[in-house]
Amino acid sequence: MSDTSIDRDPVIQAIGLRKSYGTLEVLKGMNLTLARGEVVALIGPSGSGKSTLIRCLNMMEQPTAGTIRFRGKEIGRKFRDAGDKIGIGTLRRNVGMVFQHFNLFPHKTVLENVTEGPIVVCKTPRAEAEEQAKELLAQVGLQDKHGAFPNHLSGGQKQRVAIARALAMKPEVLLLDEVTSALDPELVGEVLTVIRRLAQDGMTMAIVTHEMAFAADVSDRVMFLDQGSIAAQGSAEEIIRNPDNERLASFVSRFN
Ligand code: ADP
Ligand code: MG
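Criteria and cut-off values
Residues numbered from 1 in each chain as written. Chains lettered and ligands numbered in written order. Predicted model: local features only at pLDDT ≥ 70, side-chain atom pairs only at ≥ 80, totals over all residues. UniProt positions renumbered as here; feature names shortened; annotations may be inferred. Helix = DSSP H or I, 4+ residues; strand = E, 2+ residues; numbered from the N terminus. Pairing = 2+ DSSP bridges. Axes fitted to C-alpha atoms, helices over the stretch in contact; angles between N-to-C directions. Parallel < 35°, antiparallel > 145°, perpendicular 65-115°, else oblique. Left-handed = near helix turned anticlockwise from the far one by under 90°. Contact = placed C-beta atoms within 7 Å.

Caption draft 1: Looking closely at the UniProt feature "domain: ABC transporter" (unreviewed entry) in the protein. Mapped onto the present numbering, the UniProt feature "domain: ABC transporter" (unreviewed entry) falls on residues 12-252. Secondary structure content for residues 12-252 is 37% helix and 27% strand, and the end C-alpha separation is 27 Å.

Encoded structure:
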């Protein structure tokens, strides 16, 4: 399958990526490149391998075969950063993830949730981390929630904290896995607005979503995953608005 962004400053790449759980082959050899500033929407039926793909991209899952590259360097669990190789610590500091279920620290305030990574992982001085966190919380519209605990927030607010927390690490790429799927419908919009703004600001992102209108609107490229393979990819026009294969058309129409 052609991958048009391959020459354009790739940030993260999967090459011949395979993943099996026992005898179940979940990813059947995938090639994916996210170029700097590019937004790719990943769509596809439940169980098609979307979460596994993005979990492999930041090595939360160990691929069964194939290579993940970050800024052109091969990533390995046992690698140190040297030459053309990079370890997973460096990868994870640079790749932000946001999940469906927020995964905030329940006993920490909003501000503490956002400062935790910079302070613990990056050794950023607390005052500096807090200043930065306050800016990020203002960006996601939560400047008045610094002292709140996660269980006092709405789902939409929690997810915006989770996004601010990911951004606090100054990631080069953000991987979003169905970040609005657990939200009440009236809270989806406020989270999509934040993501849309990040896209406009040039953040490199892979976004797993069932929000077809949003995917079409925000992405430079759409990939349709089906049974562990990339079954179709192209512009939003080709994949979402005018799908030319039946399985894809039937999938897309269910979410419109
Ligand atoms: P999607 O995100 O597209 O819904 P997933 O990547 O979560 O799909 O899952 C793809 C397939 O892999 C599914 O059949 C799922 O049951 C299976 N799977 C995912 N994680 C595991 C795991 N840790 N152990 C065994 N099977 C798994
Ligand atoms: Mg999933």
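Next comes the rest of the write-up.
Caption draft 2: Geometry of the pairing of strand β1 (residues 10-21). The pairing of β1 with strand β2 (residues 24-35) spans nine bridges and is antiparallel. From the neighbouring strand, Pro10 faces β2, where its bridge partner is Ala35. Linking β1 to β2, which pair antiparallel, is a turn of two residues; within it Gly22 sits at a positive phi near 60°. Sheet topology note: the β1/strand β4 (residues 65-70) ladder contains five bridges and is antiparallel. Within β4, the position partnered with Ile12 by the bridge is Phe70.

Caption draft 3: Fine view of the sheet that holds strand β3 (residues 39-43). Pairing in this open sheet of six strands is mixed, and the strands run β7-β8-β9-β3-β10-β11 from one edge to the other. If you trace the sheet from one side to the other, it starts and ends with β7 (95-98) and β11 (229-234), each paired once. Pairwise comparison of adjacent strand axes, ignoring direction, gives a mean angle of 20° for this sheet. Sheet topology places strand β10 (residues 221-226) next to β11; five bridges connect them, and they run antiparallel.

Caption draft 4: Quick peek at the packing of helix α3 (residues 110-120) against helix α4 (residues 126-139). With their axes 9 Å apart at the nearest point, α3 and α4 run at an angle of 125° to one another. Classed by the angle they form, the pair α3 and α4 counts as oblique. Where α3 crosses over α4, the two elements pack in a sense that is right-handed. Of the residues in α4, those touching α3 at Val110, Leu111, Val114, Thr115, Pro118 and Ile119 are Arg126, Ala129, Glu130, Gln132, Ala133, Leu136 and Leu137.

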